[in-house]
Amino acid sequence: MQSTKSWIYALFYLTLITILLYLMQVWILSDKLMVSHHRITSKKHPNLPLRFNFDGTFKILQVADMHYGTGLTRCRDVLSSEFQWCSDLNTTLFLKRMIDAEKPDFIAFTGDNIFGSSTDDAAESLFKAFGPAMDSRLPWAAVLGNHDQESTMTREELMSFISLMDYSLSQPNPSTEDTSDPAKQQVITDIDGFGNYDLRVWGAPGSYLANQTILNLFFLDSGDRAVVNGGHKQENHQSEDIPMVPTPPPALAFFHIPIPEIRYGPFMEIFGEYHENVACSVVNSGVLQTFVSMGDVKAVFIGHDHLNDFCGNLDGIWFCYGGGFGYHGYGKAGLSRRARVILAELKKGKNEWMGVETIKTWKRIDDKKLTKIDEQILWTSS
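Not measured: the values here are computed from a predicted model.

Peer 1: Can you walk me through the overall build of the chain in this structure?
Peer 2: Helix and strand counts for the chain stand at eight helices and 18 strands. By the burial criterion, 50% of the 382 residues in the chain qualify as buried. Taking the intrachain contacts of the chain between residues at least 6 apart in sequence as the baseline, contacts between residues at least 24 apart amount to 67%. Accessible area of the chain: about 19,000 Å², with a carbon and sulfur share of 55%.

The structure is reproduced here in structure tokens:
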């Protein structure tokens, strides 16, 4: 009798444990898992690969220096008549308007996305700063500036976090390529900084280049600031981190801090506004020479100096400022915040689209009409 009861108890406990394990599995895998009253969902991915459109175009919106705070942080350097009602929400509205007006295929954030010293929750600020991009369901990517890490996350943590956000194509650093087995891919660790990676854009659907890379987008970490004799020097060591590929298609590069040549020149040509001295590294790490030797980088897009929005030609490569975008970043009262747009266009063959023929750019300022200014051609294949 005793042995029968023991067997029944054992069966009962075994059944109970099985049910509990099953319920835990369902709970963990369910999209209704709740942590601190926030629903946890898997990352939402954009349609990939990046590719040119049926009309042979690929449009990029560059957003430089949002300097986002808490969402309600007050504006800097605006007219006194604007100050009372001006906050981070003006930055959010500007980004939404740009997305609606230009309908880009991709958004590139080129650093100082948040102003770390103005928020005690970096993650919350990142969600708010990149919110319009995620809501648009457009693919986007970011690099860091020199203010992003001044809150509650290190640069490594920031890039890892950004890479996990909805529709983000950002990477902490590139992975080794092993097309035979994706599981064998590993993140390359012997690279200076965090946020060095290459995004590839394929040809137009239906063309013979539809499944090939015809435009590269290089994202580089231009580093943080270090105190030197009471001043600041900008640390940038991108030169060894640039992906090298044989006979590559044209490429565009995106990073935050200008290289020394932008300060010292000489420019072959300049187009746009040059309102402030260039803040750059005191160390020349050879970025320009590397780009020139590579031969594929046709234009570079930077930020950091909010009052500059010009494009300058150095040794045949255009270096273009995005212009200050965010309202919590420094500016100049009466000078509108602005954003840059880049348009790549394909060459039209007899029956189908071919490779990239033209790369153009222009800016829009944050006025009632989002006025379009300074349209120029950066490169043509001919």
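On we go from here.
Peer 1: So what exactly am I meant to see when it comes to the side chain of Asp296 here?
Peer 2: Considering the arrangement of structural elements, one finds Asp296 in the loop between α8 (287-294) and β13 (297-302). The charged side chain of Asp296 is buried without a salt bridge, its nearest counter-charge being Lys298 at 6.8 Å. Apart from residues lying up to four places away in sequence, Asp296 is in contact with Phe218, Pro248, Pro249, Pro250 and Ala251.

Peer 1: Hey, could you run me through the environment of Arg263 in this one?
Peer 2: With respect to the secondary-structure elements, Arg263 resides in helix α7 (residues 260-264). Of the residues examined, Arg263 reaches a relative accessible area of 43% and is grouped as partly exposed. A sequence separation of 15 residues divides Arg263 from Val278, and the C-alpha atoms of the two residues are 5.2 Å apart. Once residues within four sequence positions are removed from consideration, Arg263 is found in contact with Tyr274, Val278 and Cys280.

Peer 1: How should the environment of Asn284 be read in this particular structure?
Peer 2: Its location among the elements puts Asn284 in the loop between β12 (269-271) and α8. Note on Asn284: relative accessible area 40%, which makes it partly exposed. Taking the C-alpha atoms as reference points, Asn284 and Pro260, 24 residues apart in sequence, are found 6.2 Å from one another. Beyond its immediate sequence surroundings of up to four residues, Asn284 is in contact with Pro260, Glu261 and Gln289. For Asn284, the side chain forms a polar contact with the side chain of Glu261, separated by 2.9 Å. Of the polar contacts made by the side chain of Asn284, one reaches the backbone nitrogen of Gly286; its length is 2.9 Å.

Peer 1: Would you mind going over the pattern of salt bridges with me for this structure?
Peer 2: A pair can form between side chains of opposite charge whenever their charged atoms are brought close. Under the definition given, this model contains ten salt bridges. Of the charged contacts in the structure, one is a salt bridge between Asp221 and Arg155, with a shortest N-O distance of 2.7 Å. Highlighted residues: Asp221 in the loop between β8 (213-219) and β9 (225-228) and Arg155 in helix α6 (residues 155-163), separated in sequence by 66 residues. Each member of the pair, Asp221 as well as Arg155, is classed as buried. We note a salt bridge from Glu345 to Lys360, for which the minimum N-O separation is 3.3 Å. Separated by 15 residues along the polypeptide, Glu345 in strand β16 (residues 338-348) and Lys360 in strand β17 (residues 353-365) bring together distant segments of the chain. For Lys360, a relative accessible area of 22% gives the class partly exposed.

Rules of the game
Residues numbered from 1 in each chain as written. Predicted model: local features only at pLDDT ≥ 70, side-chain atom pairs only at ≥ 80, totals over all residues. Heavy atoms only, no water. Helix = DSSP H or I, 4+ residues; strand = E, 2+ residues; numbered from the N terminus. Buried < 20%, exposed > 50% of the residue type's maximum accessible area, 1.4 Å probe, protein only. Contact = heavy atoms within 4.5 Å. Areas by Shrake-Rupley, 256 points an atom, 1.4 Å probe, with all protein chains shown as cover. Lys, Arg positive; Asp, Glu negative; His and termini not counted. Salt bridge = Lys/Arg side-chain N within 4 Å of Asp/Glu carboxyl O. Polar contact = N/O pair within 3.5 Å; in protein donor to acceptor, adjacent residues only side chain to side chain.

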